[in-house]
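# Examination of the molecular architecture
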Amino acid sequence: MTQDELKALVGQAALKYVVPGEIVGVGTGSTVNKFIDALATMKDQIKGAVSSSEASTVRLKALGIPVFDSNEVESLSVYIDGADEIDHQGHMVKGGGAALTREKIVAAQSKQFVCIADESKLVDALGAFPLPVEVIPMATARVMRQFAAMGGQAVVRQKDGQPLVTDNGQHIVDVKGLKITDPVAFETEVSQWPGVVTVGVFALQKAQVCLLGTAAGVKTLSY
Ligand code: 5RP
């Protein structure tokens, strides 16, 4: 199976975690796009979605799924999202699609995080994928120096020759060369650096379940 077919497989498999009559938390990315397409087949059975990005909102609305502001909803039963990396404890690196801040917000208001990923995303330790960090632009150079002091090499993510601007009006730095041996401690520390909006390690909001697309079918991993 191609990676695209594996993504479609887990996007479809995630439907069984959607609670009829409720609002579902929806992540961002190419795997989630498959989930959104599948969700459209049961749109009459749900109230709608809280979305983690402008891109997912556009796709949800185009398929006739109502989108609620996160402030209108106290809590969600389930949040369904992809990952750039997931380890054997359910810790993740996310933000390849630059939506990490809103993803962490929706994950925090959800009782269960269901990660959908193809098997290329499963890792023994986080850090091979360049770590996305959303930063307030005036802090970028100092945050990059702090990562250099940890042994990382940070670059400002570009789009059309300019720093990419997130849905929140901020920039992203991508950091290579980090060894994230204690994801909870790492997330806790970097989250406190002045100017860091969100670090792309999801350890405090880790997955409870991962639906992993493999050549042998969907494997369900629980943490
Ligand atoms: C977006 C994310 C995505 O979940 C992550 O980048 C995985 O994306 P894809 O499903 O396209 O591989 O964190 O900010």
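What counts, and where the lines are drawn
Residues numbered from 1 in each chain as written. Predicted model: local features only at pLDDT ≥ 70, side-chain atom pairs only at ≥ 80, totals over all residues. Heavy atoms only, no water. Buried < 20%, exposed > 50% of the residue type's maximum accessible area, 1.4 Å probe, protein only. Helix = DSSP H or I, 4+ residues; strand = E, 2+ residues; numbered from the N terminus. Pairing = 2+ DSSP bridges. Axes fitted to C-alpha atoms, helices over the stretch in contact; angles between N-to-C directions. Near = heavy atom within 4 Å. Polar contact = N/O pair within 3.5 Å; in protein donor to acceptor, adjacent residues only side chain to side chain. Areas by Shrake-Rupley, 256 points an atom, 1.4 Å probe, with all protein chains shown as cover. Nonpolar A, V, L, I, M, F, W, Y, C, P; charged D, E, K, R; others polar. Contact = heavy atoms within 4.5 Å.

### Remarks on the pairing of strand β7 (residues 110-118)
Two faces make up the sheet, and in a regular strand the side chains alternate between them. Among the nine residues of β7, seven are classified as buried, and the element is accordingly described as predominantly covered. Two strands pair when backbone bridges link them, and β7 and strand β15 (residues 209-214) are joined in this way by five bridges, in the parallel orientation. What sits directly across from valine 114, in β15, is valine 209.

### A few points about the sheet that holds strand β13 (residues 196-199)
Paired through backbone hydrogen bonds, the strands of a sheet run either parallel or antiparallel to each other. The sheet built from four strands is open, its strands ordered β9-β12-β8-β13 with antiparallel pairing. Where the open sheet ends on each side, the last strands, each with one partner, are β9 (153-156) and β13. Shown here is a sheet whose adjacent strand axes are inclined to one another by a mean of 25°, direction ignored. In the sheet, strand β8 (residues 131-135) pairs with strand β12 (residues 171-176) via five bridges, with the strands oriented antiparallel. Across the sheet, the residue bridging to proline 132 is aspartate 174, located in β12.

### Remarks on the site of the ligand
The local shell around the ligand holds 17 residues, among which Ser30, Thr31, Asp84, Gly95 and Lys121 are the closest. In the model, an oxygen atom of the ligand is placed 3.3 Å from a nitrogen or oxygen of the glycine 82 main chain. Between glycine 95 and the ligand, the recorded distance is 2.8 Å, taken from a backbone N or O atom to an oxygen atom. For the ligand, whose free accessible area comes to 380 Å², the fraction covered by protein is 92%. Partitioned by chemical class, the residues of the shell around the ligand number three nonpolar, eight polar and six charged.

### A word on the side chain of aspartate 81
Among the structural elements, aspartate 81 can be located in strand β4 (residues 76-81). For aspartate 81, a relative accessible area of 0% gives the class buried. There is a polar contact of 2.8 Å between the side chain of aspartate 81 and the side chain of lysine 94. What aspartate 81 contacts, discounting residues up to four positions off in sequence, is Gly27, Thr28, Val32, Lys94, Glu103, Phe113, Val114, Cys115 and Ile116.

### Focus: the environment of leucine 9
Relative to the helices and strands, leucine 9 resides in helix α1 (residues 3-13). Separated by 25 residues in sequence, leucine 9 and lysine 34 place their C-alpha atoms 8.3 Å apart.

### Brief notes about the sheet that holds strand β6 (residues 92-93)
Reading across the sheet, the three strands line up as β5-β6-β14 and stay open at both edges, with antiparallel pairing between neighbours. At either end of the open sheet lies a strand with only one pairing partner, and these are β5 (85-86) and β14 (201-202). Both β6 and β14 contribute to a ladder of two bridges, which runs antiparallel. Counted as the bridge partner of methionine 92 is phenylalanine 202 from β14.

The values reported here are purely geometric and, on their own, carry no functional implication.
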